[in-house]
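This is what each chain is made of:
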Amino acid sequence: MSNFTAAEIRRQVERFLPKVLKPSRYLGSEWNAIRKDWDKTEVQMAFAFPDVYEVGMSHLGTRILYHLVNSFPEFLCERVFAPWVDMEETLRAKGIPLYALESFQPLKAFDVVGFTLQYEMSYTNILNMLDLAGIPMRTEERGPEDPWIIAGGPCAFNPEPLVGFVDFFLIGESEEQLPEVLRLIAEQKKQPVSRKDFLVRVAQVQGVYVPEFYHVSYKADGRIEKIESEAGVPAVVEKAIVQDLDQAFFPTNPVVPYMEIVHDRMMLEVMRGCSRGCRFCQAGMLYRPVRERSLETLMKQTEELVRSTGYDQVALTSLSSGDYTCIRPVIENILEKHGAEGVGVSLPSLRVDSFDVGLADTVQKARKSGLTFAPEAGSQRLRDVINKGVTEENLLTAVEEAFKKGWSTIKLYFMVGLPTETQEDIDGIVDLAKKVANLGTKLGRRNITVTISTSFFVPKPHTPFQWEPQESKASVDLKQRYLRDKLRDRRLKYSYHDVKTSYLEAVFAKGDRRLAPLLEWAVKHGCRFDGWSEHFHEEVWMEGFKELGIDPHFYANRAVDYDDILPWDHLESGVTKQFMMEEHHRALQETKTIDCRYDQCTGCGICPGRGVQIELKG
Amino acid sequence: MRLRIAYTKIEDARYIAHLDLTRVFERAIRRAGIHMSYSEGFNPRPKISFGFALAVGTEGEREYVDVDLEQDMDLGEVLGRVQEQLPPGIRLLQVSALNQGAKPLMAVLNAASYRMRVPMALPIQAERLQEAVGAWLAREHVTFSRYSKKGPTDKDIRPWIKQLEAEIRGDEIVFELEVEMGNAGSVRPEEVLASLRELENLPLDLEALQIKRTGVHVSYQGEKKSPIDEA
Ligand code: SF4
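Cut-offs applied
- Residues numbered from 1 in each chain as written.
- Chains lettered and ligands numbered in written order.
- Predicted model: local features only at pLDDT ≥ 70, side-chain atom pairs only at ≥ 80, totals over all residues.
- Heavy atoms only, no water.
- Phe/Tyr/Trp six-rings, centres within 6.5 Å; stacked < 30°, edge-to-face > 60°.
- Buried < 20%, exposed > 50% of the residue type's maximum accessible area, 1.4 Å probe, protein only.
- Lys NZ or Arg CZ within 6 Å of the ring centre and 35° of its normal.
- 1 Å grid on protein atoms, 1.4 Å probe; cavity = no way out; pocket = protein on both sides within 12 Å on 5 of 7 lines; lining within 4 Å.
- Points joined across faces, edges and corners; volume = space filled by probe spheres on them.
- Helix = DSSP H or I, 4+ residues; strand = E, 2+ residues; numbered from the N terminus.
- Nonpolar A, V, L, I, M, F, W, Y, C, P; charged D, E, K, R; others polar.
- Core = buried A, V, L, I, M, F, W, Y, C linked by side-chain atoms within 4.5 Å.
- Contact = heavy atoms within 4.5 Å.
- Near = heavy atom within 4 Å.
- Expected span 1.5 Å × (residues − 1).
- Axes fitted to C-alpha atoms, helices over the stretch in contact; angles between N-to-C directions.
- Parallel < 35°, antiparallel > 145°, perpendicular 65-115°, else oblique.
- Left-handed = near helix turned anticlockwise from the far one by under 90°.
- Patch = residues over 30% accessible without salt bridge, like charges linked within 9 Å, V, L, I, M, F, W, Y side chains within 5 Å.
- Areas by Shrake-Rupley, 256 points an atom, 1.4 Å probe, with all protein chains shown as cover.
- Salt bridge = Lys/Arg side-chain N within 4 Å of Asp/Glu carboxyl O.
- Lys, Arg positive; Asp, Glu negative; His and termini not counted.
- Charge placed at Lys NZ, Arg CZ, Asp CG, Glu CD.
- Pairing = 2+ DSSP bridges.
- Polar contact = N/O pair within 3.5 Å; in protein donor to acceptor, adjacent residues only side chain to side chain.

Help me understand the packing of aromatic side chains in this model?
Given two aromatic rings, their pairing is described by the distance between the two centres and the angle made by the two planes. All names here are of chain A. Following the criterion strictly, the structure yields 21 aromatic pairs over all chains and no others. Between the aromatic rings of Phe72 and Phe75, the centroid separation amounts to 5.4 Å while the plane-to-plane angle is 50°, which identifies the pairing as tilted. In this structure Phe75 comes out as buried when scored by relative accessible area, which is 1%. Put simply, the rings of Trp84, Phe529 and Trp532 touch in pairs and so form one group of aromatic residues. For Arg10, the ring lying beneath its charged end belongs to Phe104, and the centroid distance is 4.7 Å. Of note, Arg558 hangs over the ring of Phe554, and the distance from its end group to the ring centre comes to 4.0 Å.

Would you mind going over the layout of surface pockets with me for this structure?
Over the atoms, a rolled probe matching the size of one water molecule traces out where space is still vacant. Of the volumes computed, that of the second largest pocket is approximately 1400 Å³. Of all the secondary-structure elements, those providing two or more residues to the lining of the second largest pocket are α1 (6-16) of chain A together with β5 (111-119), β6 (143-148), α5 (189-200) and β10 (210-220) of chain B. A total of 5 residues in the lining of the second largest pocket trace back to one element, the largest contributor, which is α5(B). Residue composition of the lining of the second largest pocket, by class: 20 nonpolar, 6 polar and 18 charged.

Just to check I follow, could you spell out the nonpolar core for this structure?
One broad rule of soluble globular proteins: the nonpolar side chains tend to lie buried together. Ranked by internal contacts, the top residues of the largest apolar core, which has 145 residues, are Leu107(A), Phe168(A), Phe169(A) and Phe25(B). Among the elements that take part in this core, helix α5 (residues 123-133) of chain A stands out by supplying 7 residues, more than any other. Dropping the residues within four chain positions of it, Phe25(B) is found in contact with Tyr7(B), Ile48(B), Phe50(B), Val65(B), Leu86(B), Ile90(B) and Leu92(B). One finds Ile429(A), Ile452(A), Val476(A) and Leu483(A) within the second-largest nonpolar core, a separate group that totals 62 residues.

Any chance you could explain the site of the ligand here in plain terms?
Near the ligand the following residues occur: Arg288(A), Pro289(A), Cys596(A), Cys601(A), Thr602(A), Gly603(A), Cys604(A), Gly605(A), Ile606(A), Cys607(A), Pro608(A) and Ile614(A). Taken together, the residues of the shell around the ligand sort by class into 8 nonpolar, 3 polar and 1 charged.

It is not clear to me how helix α1 (residues 18-31) of chain B should be interpreted in this structure. Could you clarify?
Given 3.6 residues per helical turn, the α-helix brings residues three or four places apart onto the same face. Look at α1(B): 21 Å from first C-alpha to last across 14 residues, which is about the 20 Å you get at 1.5 Å a residue. Counted residue by residue, α1(B) has 11 buried out of 14 residues, so it is predominantly covered. Taken as a whole, α1(B) has its buried residues at Asp20(B), Leu21(B), Arg23(B), Val24(B), Phe25(B), Glu26(B), Arg27(B), Ala28(B), Ile29(B), Arg30(B) and Arg31(B). Contacts made by the buried residues of α1(B) are with α9 (295-309) of chain A together with β1 (2-9), β2 (48-50), β3 (59-68), α2 (75-84) and β4 (92-97) of chain B. Immediately downstream of α1(B), the backbone of Gly33(B) shows phi near 75°, a positive value.

Sorry, what's going on with the packing of α1(A) against helix α4 (residues 85-94) of chain A here?
A packed helix pair is summarised by two numbers, namely the angle formed by the two axes and the spacing between the axes. Residue and element names in this part refer to chain A. Relative orientation of the contacting elements α1 and α4 amounts to 130°, with a least axis distance of 12 Å. By the angle between their directions, the pair α1 and α4 is classed as oblique. You can see that α1 and α4 cross each other, and the crossing is right-handed. Facing α1, whose interface residues are Gln12, Val13 and Phe16, α4 presents Met87, Thr90, Leu91 and Lys94. Along the lines of polarity and charge, the residues of the contact of α1 with α4 split into 4 nonpolar, 2 polar and 1 charged.

So what exactly am I meant to see when it comes to a positive patch on the surface here?
Residues and elements named next belong to chain A. Side chains of Arg11, Arg15, Lys19 and Lys94 sit close together on the surface and give a patch of like positive charge. Residue position: Arg11 is located in helix α1. Accessibility expressed as a relative area gives 53% for Arg11, which makes it exposed.

Quick question: what am I supposed to make of the environment of His553(A) here?
All names here are of chain A. Tracing the chain through its elements places His553 in helix α19 (residues 552-556). For the pair formed by His553 and Cys155, sequence separation is 398 residues and the distance between their alpha carbons is 20 Å. Setting aside residues no more than four positions away along its own chain, His553 makes contact with Tyr503 and Arg558.

Mind showing me how you'd approach the environment of Ala283(A) here?
Note that Ala283(A) resides in helix α8 (residues 282-286). Take Ala283(A): its relative accessible area is 23%, and that puts it in the partly exposed class.

How should I be thinking about the pairing of strand β8 (residues 161-169) of chain B in this particular structure?
Residue and element names in this part refer to chain B. Bridging between β8 and strand β9 (residues 172-180) involves 8 bridges; their strand directions are antiparallel. The partner of Ala166 across the bridge, within β9, is Phe175. Connecting the antiparallel pair β8 and β9 is a turn made up of 2 residues, with Gly170 showing a positive phi of about 65°.

Help me understand the interface of chain A and chain B, please; the structure alone is not making it clear to me.
Quite often, the size of an interface is put as the accessible area lost when its parts meet. Taken together, the 30 residues of chain A in the interface contact 25 residues of chain B. Counting across the chain A and chain B interface gives 5 salt bridges. As a salt-bridge pair, Asp12(B) and Arg10(A) come within 2.6 Å of each other at their nearest N and O atoms. At the surface where chain A touches chain B, the tally comes to 7 residue pairs in polar contact (both at pLDDT 80 or more). Elements with a contribution of two residues or more to the side of chain A that touches chain B: α1 and α9 of chain A. Here the residues of the side of chain A that touches chain B are counted per class, giving 12 nonpolar, 6 polar and 12 charged.

I tried to follow the sheet that holds strand β16 (residues 409-416) of chain A on my own but got confused; where do I start?
Sheets are built from strands that pair by backbone hydrogen bonding, the pairs being arranged parallel or antiparallel. Residue and element names in this part refer to chain A. The sheet built from 4 strands is open, its strands ordered β15-β16-β17-β18 with parallel pairing. Across the chains shown, the open sheet's two edge strands, defined by having one partner strand only, are β15 (371-376) and β18 (492-496). Within the sheet, the average angular offset between the axes of one strand and its neighbour, ignoring direction, is 20°. In terms of strand pairing, strand β17 (residues 449-456) meets β18 through 5 bridges, oriented parallel. Residue pairing for β18: Val450 is matched across the bridge by Leu492. With respect to the sheet, helix α13 (residues 392-404) is in contact with β15 and β16, its orientation differing from that of β15 by roughly 170°. Strand contacts of helix α14 (residues 423-442): β15, β16, β17 and β18, with the helix running at about 175° to β16, the strand carrying the most contacts.

Listed below in structure tokens is the structure:
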């Protein structure tokens with residue numbers, strides 16, 4: 001790839017832009033986009049989202065970090081997304097390197113390219129984007145003129161499959177840590193030290209993980225023997241955490257795209273974390289403890305958001321917004337203040353109780369598009385195993401309320417392949433679905449649709465189920481087919497998630513650095529957008545496993561011992577391993593654990609360990 | 001109060017898809033703190049309506065949109081406040097208040113003019129160019145194959161052409177085209193050039209074609225008017 005300047009890239013791209021799908025994905029001149037003078041900033045960062053524009057732009061973390069970095073006059077931050085396949089083809093055909101949206105500067109020209117890791121199935125896109133940018137994929141092949149490649153986000157809590165491609169990872173919440181890292185890069189530019197010295201320096205920042213300082217050795221049977229850290233870096237990397245969410249940076253002037261994106265609205269982060277303790281939920285463990293924003297802060301932010309974006313809807317986001325202690329006053333205040341301008345409120349995640357149905361009714365008014373509940377498992381026994389504090393009675397009362405308030409479409413989410421699952425639990429899904437539909441019929445509602453979706457359980461690192469094997473693909477496939485047959489009823493609609501991608505997701509979620517060559521192999525053989533079913537090629541992956549002598553079952557389907565060293569044991573979320581083990585025991589004994597926000601601390605370890613505490617505003 | 005606004009859609013704004021324009025205007029007006037009227041019913045939408053779609057990538061020098069406001073306002077103030085909130089490339093040129101019962105844009109617009117700049121693939125003489133254009137215009141019917149999902153369909157594009165002129169400027173040919181538009185469809189400017197290349201052997205480098213829509217009109221008995229003056 002030749003050395004293109006921003007102006008040349010722009011001139012060439014303009015010629016074919018009308019011919020690619022959705023050209024406004026590639027512009028960077030949207031409302032509120034920040035275009036800074038390149039030469040007047042000390043550090044230039046490209047924030048890279050390894051999926052398409054409309055997915056990346058919908059992500060709250062992307063919005064926060066883009067504006068956070070740009071809020072420093074000495075730093076510049078631009079965006080880049082994975083180009084859709086038609087755009088990639090054109091860029092490759094014309095030899096144009098991947099560029100950042102705001103300036104059309106090639107990625108290679110930046111000091112740092114930061115990827116966000118939201119989903120294991122986007123890993124191939126990361127390597128593909130580096131390749132499109134003409135940046136060597138492997139860290140050791142990159143020279144001093146190449147940017148630092150860094151990555152953060154939830155998957156950074158087990159980033160091992162990406163070791164060798166990413167120079168260092170940012171573990172945890174980046175609001176304070178990322179500017180600190182950029183400051184060190186600015187210093188490095190002014191007074192360069194060796195690459196190694198720089199990495200040692202950056203490894204001192206809370207939550208920064210430099211994988212090359214950690215050496216992993218293996219036993220003959222493939223399990224990890226030990227993970228050793230070099231002198232001068234922390235033996236265990238502890239996540240970065242925001243102490244006071246109410247005061248934390250939050251952008252009220254987000255970029256407003258020209259085209260429709262997945263979440264095309266204002267987003268208000270009402271709280272961070274969730275204390276319900278569902279045992280399969282990784283986010284619920286990673287973002288502890290619960291911290292809320294105050295009503296005053298949220299009202300001020302809403303006002304600014306409405307003025308700066310012109311959106312007509314504000315979504316109250318968090319892992320479980322119904323739990324936010326000031327949820328009612330926030331909704332009421334927003335509707336009172338901005339309702340006349342046509343601004344509405346939406347609540348993306350609902351818990352199963354009638355309190356929430358009432359809330360949904362307040363916010364949705366005319367639009368009764370369908371209400372979603374997530375019982376996750378079909379029987380009470382299994383719901384106790386996963387600690388989903390929901391009973392059949394809760395669900396039916398809520399659904400009854402919903403039918404009475406005018407909804408006729410109910411969506412139910414379940415997981416198949418959960419630990420200890422039996423045939424009875426599967427039949428429980430059918431039972432529950434029919435009970436819900438019958439309730440609607442009994443209440444005299446016509447045109448009822450009950451949509452049942454099942455996904456395939458993926459054991460995730462840093463959860464009480466991290467030691468659990470994933471069930472075999474074949475067996476889960478049978479279960480989903482069984483459900484398809486049993487759920488034949490004109491009122492029911494069944495959809496299920498593809499087992500093949502979830503299997504690969506499990507391999508990478510629990511994988512170690514020996515998977516890195518496989519990622520490289522897959523990208524060379526055309527894999528990318530693996531999360532998009534039309535671009536997922538299972539055969540290619542299976543061939544890769546065979547060719548490189550990697551056994552995917554070892555990662556996905558092996559029950560791990562408590563004594564085994566986990567590939568992510570040197571990375572800490574703050575929730576102790578001891579607590580995870582206890583939770584795993586309680587799961588197998590079908591015992592529930594209470595929510596620590598209401599009654600008492602259940603001892604996960606994060607609050608005393610990190611000097612933080614649960615912060616409720618209501 | 002119903003407004004008819006003339007605006008440009010140039011520079012980066014030329015890549016905004018027609019369907020996305022409503023969103024762009026709607027949000028700009030809301031940012032400006034101006035209250036729009038909404039449709040009744042299930043899912044109320046602000047009342048904004050455009051004229052003929054402009055192809056993605058084609059610049060528009062003078063396009064139109066109708067917007068309904070909840071209250072009467074000073075026209076200059078509306079223009080000023082909304083302009084501040086619009087992305088680069090969309091510039092508001094003129095506004096007028098419509099009479100009650102004025103017909104919507106789509107019902108009054110029936111013509112459009114385009115300027116196209118095409119590099120010559122081989123140098124040609126001015127006379128040869130005029131001959132070719134004259135010969136093409138002299139044809140009563142011009143069949144053009146359009147490709148769609150259903151496969152090629154043959155269309156007679158000649159009836160849509162009201163005017164076509166060409167001139168050599170440097171190594172480019174500049175065409176001025178005026179076409180009729182209506183509910184039954186129209187002709188795309190690039191189809192006219194493709195046909196000229198094919199039927200009259202004009203050496204046009206269509207890969208590097210640049211099109212600009214210079215205006216959309218209300219045309220009646222040989223007279224062109226702007227939908228703003230007409231209303
Ligand atoms: S330490 Fe206790 S209070 Fe804090 S998040 Fe964990 S369980 Fe809850």
